[in-house]
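For reference, the chains in residue letters:
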Amino acid sequence: MKRLIKQQYLWIGVLFFGFAVVPLFLNNNYYTTILNQMAINMIVVFGLNFITGLTGQMNLGTAGIYAIGAYTSALLSRNLGISPWFTMTAAVFAGFLLGRGLGYPSLKMKGVYLSLTTLAFSEIVRIFATNLIDITGGTQGLNGIPRFSIGPVALDTNIKYFYFILFIALVMCILSIRIVHSKWGREFKAVKDNPDAIESLGLDIKRIKIRAFTLAAMYGALGGALYAHFNGYITSLSFTTDL
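Here is a short report on the structure shown in this document. (Residues numbered from 1 in each chain as written. Predicted model: local features only at pLDDT ≥ 70, side-chain atom pairs only at ≥ 80, totals over all residues. Heavy atoms only, no water.)

**What about the packing of helix α3 (residues 62-80) against helix α4 (residues 84-103)?**
Our working definition: Lines fitted to the C-alpha atoms define the axes, with helices restricted to the stretch that makes contact. Angles between their N-to-C directions range from 0 to 180 degrees. Numbering of helices and strands starts at the N terminus; helices are DSSP runs of H or I of at least 4 residues and strands are runs of E of at least 2. Each crossing gets its hand from how the near helix is turned against the far one by less than a right angle, where anticlockwise is left-handed and clockwise is right-handed. Contacts are assigned to residue pairs with any non-hydrogen atoms lying within 4.5 Å of each other. Charged means Asp, Glu, Lys or Arg here, nonpolar means Ala, Val, Leu, Ile, Met, Phe, Trp, Tyr, Cys or Pro, and polar covers whatever is left, Gly included.
Look at α3 against α4: their axes get within 8 Å of each other, and the N-to-C directions meet at 145°. The element α3 and its partner α4 pack so that their crossing is right-handed. When α3 is examined against α4, the residues Ile65, Ile68, Gly69, Thr72, Ser73, Leu76 and Ser77 are found in contact with a partner set consisting of Pro84, Thr87, Met88, Ala90, Ala91, Ala94, Leu98 and Leu102. Considering only residue class, the contact of α3 with α4 consists of ten nonpolar, five polar and no charged.

Right under this line is the structure:
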């Protein structure tokens, strides 16, 4: 097991290093924008892996979670002047609350029914974002969302922001690997493979499923916050099921 983990860390180091040198060969701002979006999506998928990959619960509510993370951080920083570092933390906390709430339907529903429930959640979030014009800006969106800065260094270019997001993605990737190979990760896999065995061992399958949803939602909300501050502009039209 330790050897496997070391191999995973090695391959991840190689892949992230390869990803990091790509901007050195690009002069096109469009491609660096795509790289930023890829790095943000990586973070979201690391979280989605807990609930869909390991636990086997089909969650189609990621777009809604992503949207709430984006709007939470954007509104707090844009309207109240709070540092993006604090608003990003608030977005992750919002993801925690969402995960706890979304986890409960998974206790009663499985398969296509859970998929439809989480899909409906995303659509509800999008509809609210579209119609609460005074708060979210509706389809016109919110602009003027500030970018992160690290001390005196402003992340005012796409390349600077890319390395910032890539570092966060690396940290979240390492964290996710640690969780996968921990007791939590083994419990997630057992829920997918043999839930009856889990219950026979006296483990609370409800708590395990809610934990997986919560982790996925926290990762998704973090991705949404990073997207909002990278783009500087968000609109409800962005957070569709296609996302």
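**What to know about the pattern of salt bridges**
Note the threshold: Salt bridges are defined by distance alone: a side-chain nitrogen of Lys or Arg within 4 Å of a carboxyl oxygen of Asp or Glu. Buried means the residue's accessible area, taken with a 1.4 Å probe over protein chains only, is under 20% of the maximum for its type, while exposed means over 50%, and partly exposed covers the values in between.
By the definition in use, this model includes three salt bridges. In this structure, the salt-bridge partner of Glu123 is Arg126, at a minimum N-O distance of 2.9 Å. Here the residue Glu123 and the residue Arg126 both occupy positions in helix α6 (residues 111-131), the gap between them amounting to three residues, near one helical turn. In this structure, Glu187 and Arg211 form a salt bridge, with 2.9 Å as the shortest nitrogen-oxygen distance. Remark: Arg211 occurs in helix α11 (residues 205-231) and Glu187 occurs in helix α9 (residues 183-193); sequence separation between them is 24 residues. The burial state of Glu187 is the same as that of Arg211; both residues are buried.

**Some details on a positive patch on the surface**
For the record, the criterion: Patches were defined on residues exceeding 30% relative accessible area and lacking a salt bridge, with like-charge contacts within 9 Å and nonpolar side-chain contacts (Val, Leu, Ile, Met, Phe, Trp, Tyr) within 5 Å. In this description, accessible areas are obtained by the Shrake-Rupley approach with a 1.4 Å probe, and a residue is regarded as covered only by the protein chains that are shown. For the purpose of counting charges, residues Lys and Arg are taken to be positive, whereas Asp and Glu are taken to be negative. His and the chain ends are not included. Note on charges: their place is set at NZ of Lys, CZ of Arg, CG of Asp or CD of Glu.
A cluster of like positive charges, contributed by Lys183, Arg186, Lys189 and Arg207, occupies part of the molecular surface. Take the positive patch: its biggest share by element is three residues, from α9. Along the chain, the position of Lys183 falls in helix α9. With relative accessibility at 53%, the residue Lys183 sits in the exposed group.

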